[in-house]
Amino acid sequence: MNQDANAILTLCSHLCVGEGVQPLEPREYSDLAQRLTQVGMSPGDLFQLSIEDCGRLLQLEEAQLQRIFRLLDRSASLSFALGQYRNMGIETVTRADPGYPGMLKQKLGNSCPPIFYCAGDLQLLNRQYIGFVGARTVEQQDVDFTVQAVGKISARGLGVVSGGAKGIDSVAGTEALLRGGYCLEYLSDSMMKKLQKTDTVRNVQDGRLLLLSVAKPEGGFHVGMAMMRNRYIYAQSQATVVVRSDLNKGGTWAGAEENLKNHWCPCLCWSHPYPGNQALIQKGAIPVDESWDGSIPEQPTAPAQGECFEQISLFDGL
């Protein structure tokens, strides 16, 4: 592991965190990375700096300095914990690593997470995917539409990216793998639990399934993580299909609305008369039905002006 990646993990990981100190969030880390770049330094250089030099060079307040150095002090214990995960087949990839999801850097800019835990071949990130999102509780008609749609994109050589959750996510991912295709799953929780399943391990070992998560591998469900996960699905996709959405509530609705605002990828929506689906179509989602051939439409409108997601520039490797 290079020193920059080690520093990012030490500053941003939620493992081995001492009492009263919080790891840096994505935008906090991005601010620190920008300050380092401006003085010709990189995150790994922090290990060589005194707290006084760090404060002088980076113009940080005392509370920020204390927080950063308390995080850096856990480097040894963090390395031990990461070694235990590695023995279970779980690695990490940081914004300083070449294997980091490039689509997320490109589309989410400074808001993309500094770290992902991962299991599988990171080369799968170089393939093209269609996202599938929808409710956890589904009816047979939802399953039928999803299976049919996955069959069409698989025939075009496209994989499935989803959140790996029960319902539409699992239906889409399973169908892609059954057809000999590829699947990315941006999990919001329980990577270790998922890796206890024989089929999951086999597909990971076969190089057809990649699991990624910002959550600790043993972590449970967290609403905030699940909402952030939706961004990664849309940003990784050539287009994303909303199979079933509630109206004005739930993660599927919120994720689709956010994508329609930020234009990360074309948002397709099954034109079934579900109120949520119809409302998303009214908001600009592209309606598709059973006749959809799996082709990727162009983005219907230009990206909104004044967007809050900044593009990484000088420090995009950090």
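Within every chain, residues take consecutive numbers counted from 1 along the sequence as written. Two thresholds apply to this predicted model, a pLDDT of at least 70 for residue-level local features and 80 or more for giving and counting side-chain atom pairs, whereas whole-chain, interface and lining totals are computed over all residues. Note that the side-chain values use all heavy atoms of the structure and ignore hydrogens as well as water.

Student: Break down the overall build of the protein chain for me, citing the residues and quoting the values.
Tutor: From N to C terminus, the protein chain includes 13 helices and nine strands. Throughout, radius of gyration means the C-alpha value; the globule benchmark is 2.2 Å times the number of residues raised to the power 0.38. In summary, the protein chain has a C-alpha radius of gyration of 20 Å against a globular reference of 20 Å for 318 residues, a match within 12%. On the principal axes, the C-alpha backbone points of the protein chain span a range of 65 × 45 × 30 Å. Partly exposed residues are those whose accessible area sits between 20% and 50% of the maximum for their type, while under 20% is buried and over 50% is exposed, using a 1.4 Å probe and protein chains only. Looking at the protein chain as a whole, 54% of its 318 residues are labelled buried. The method behind every accessible area is Shrake-Rupley, applied with a 1.4 Å probe, and residues are considered shielded solely by the protein chains displayed. Element-wise, carbon and sulfur atoms account for 49% of the exposed surface of the protein chain, whose accessible area totals about 14,200 Å². Secondary structure elements follow DSSP: runs of H or I no shorter than four residues count as helices, runs of E no shorter than two count as strands, and numbering proceeds from the N terminus.

Student: Can you tell me about the pattern of salt bridges, naming the residues and giving the values?
Tutor: Counted as salt bridges are all cases of a side-chain nitrogen of Lys or Arg within 4 Å of a carboxyl oxygen of Asp or Glu. Within the structure shown, the criterion is met by twelve salt bridges. Across the pair R67 and E28 runs a salt bridge, and its minimum N-O distance is 2.9 Å. Remark: E28 occurs in helix α2 (residues 26-38) and R67 occurs in helix α4 (residues 62-72); sequence separation between them is 39 residues. Given the relative accessible area of 23%, R67 is considered partly exposed.

Student: Please give an account of the layout of surface pockets that cites residues and values.
Tutor: Taken as a whole, the largest pocket spans an internal volume of roughly 560 Å³. G164, S170, E185, K194 and K197 are, among the 26 residues lining the largest pocket, the residues nearest its centre. Elements supplying a minimum of two residues to the lining of the largest pocket: α8 (168-178), β5 (183-187), α9 (191-194) and α10 (198-205). When residues in the lining of the largest pocket are grouped by element, the largest group, six residues, is from α8. Polar here means any residue outside two lists: the nonpolar Ala, Val, Leu, Ile, Met, Phe, Trp, Tyr, Cys and Pro, and the charged Asp, Glu, Lys and Arg; Gly therefore counts as polar. When the residues that make up the lining of the largest pocket are grouped by side-chain class, the tally is five nonpolar, nine polar and twelve charged. Site definitions follow a grid-based scheme: protein atoms alone, a 1 Å grid, a 1.4 Å probe that fits but cannot get out for cavities, and for pockets an open set with protein on both sides within 12 Å along at least five of seven lines, plus lining residues having an atom within 4 Å of a point. Grid points are joined across faces, edges and corners, and a volume is the space filled by probe spheres set on the points.

Student: Please provide a residue-by-residue account of α4, values included.
Tutor: Within α4 the residues assigned to the buried category are L65, I68, F69, L71 and L72. One side of α4 holds all its buried residues, which, seen down the axis, span an arc of 155°. By definition in these notes, contact holds between two residues if any of their heavy atoms fall within 4.5 Å. Residues of α4 that are buried make contact with α1 (3-12), α2, α3 (51-58) and α5 (75-87). Here the arc refers to the set of directions running from the helix axis out to each C-beta atom.

Student: An account of the sheet that holds strand β6 (residues 209-213) is needed here, citing residue identities and associated values.
Tutor: Two strands pair under a simple rule: DSSP has to find at least two bridges between them. In spatial order, the strands read β1-β2-β6-β5-β4-β3-β7-β8-β9; together these nine strands make up an open sheet with mixed pairing. Two strands lie at the open edges of the sheet, namely β1 (91-94) and β9 (286-288), each paired on one side alone. The sheet shows a mean angle of 30° between the axes of neighbouring strands, taken without regard to direction. Both strand β3 (residues 129-134) and strand β4 (residues 159-162) contribute to a ladder of three bridges, which runs parallel. Its bridge partner lying in β4, G131 is registered against V161. In this description, a line fitted to the C-alpha atoms serves as the axis of each element, helices being fitted only across the stretch in contact, and the angle between N-to-C directions of two axes falls anywhere from 0 to 180 degrees.

Student: I'd like a description of the packing of α1 against α5, backed by residues and values.
Tutor: At a minimum axis separation of 10 Å, α1 and α5 run at an interaxial angle of 95°. With respect to each other, α1 and α5 are oriented roughly perpendicular. On α5, the residues touching N6, L9 and T10 of α1 are S75, L78 and L82. Angles below 35 degrees are treated as roughly parallel, those above 145 as roughly antiparallel, those between 65 and 115 as roughly perpendicular, and all remaining angles as oblique.

Student: Any details on the packing of aromatic side chains? Residues and values, ideally.
Tutor: Two aromatic rings, drawn from Phe, Tyr or Trp (for Trp, its six-membered ring), form a pair once their centres lie within 6.5 Å of each other, and the interplanar angle then sorts them: stacked below 30 degrees, edge-to-face above 60, tilted otherwise. Evaluation of the coordinates by the stated rule reveals seven aromatic pairs. Aromatic pair F145 and W270: ring centres 4.6 Å apart, planes at 10°, arrangement stacked. One end of the pair, F145, is in helix α7 (residues 140-155); the other, W270, is in strand β8 (residues 267-270), and 125 residues separate them in sequence. The class for F145 is buried, based on a relative accessible area of 3%. Under the relative-accessibility criterion, W270 is labelled buried at 3%. On the numbers, 6.2 Å between centres and 75° between planes, the contact of W270 with Y274 is edge-to-face. For the pair W270 and Y274, a shared accessibility class is recorded, and that class is buried. Aromatic rings pair up to connect Y100, F116, Y186 and Y232 into one cluster.

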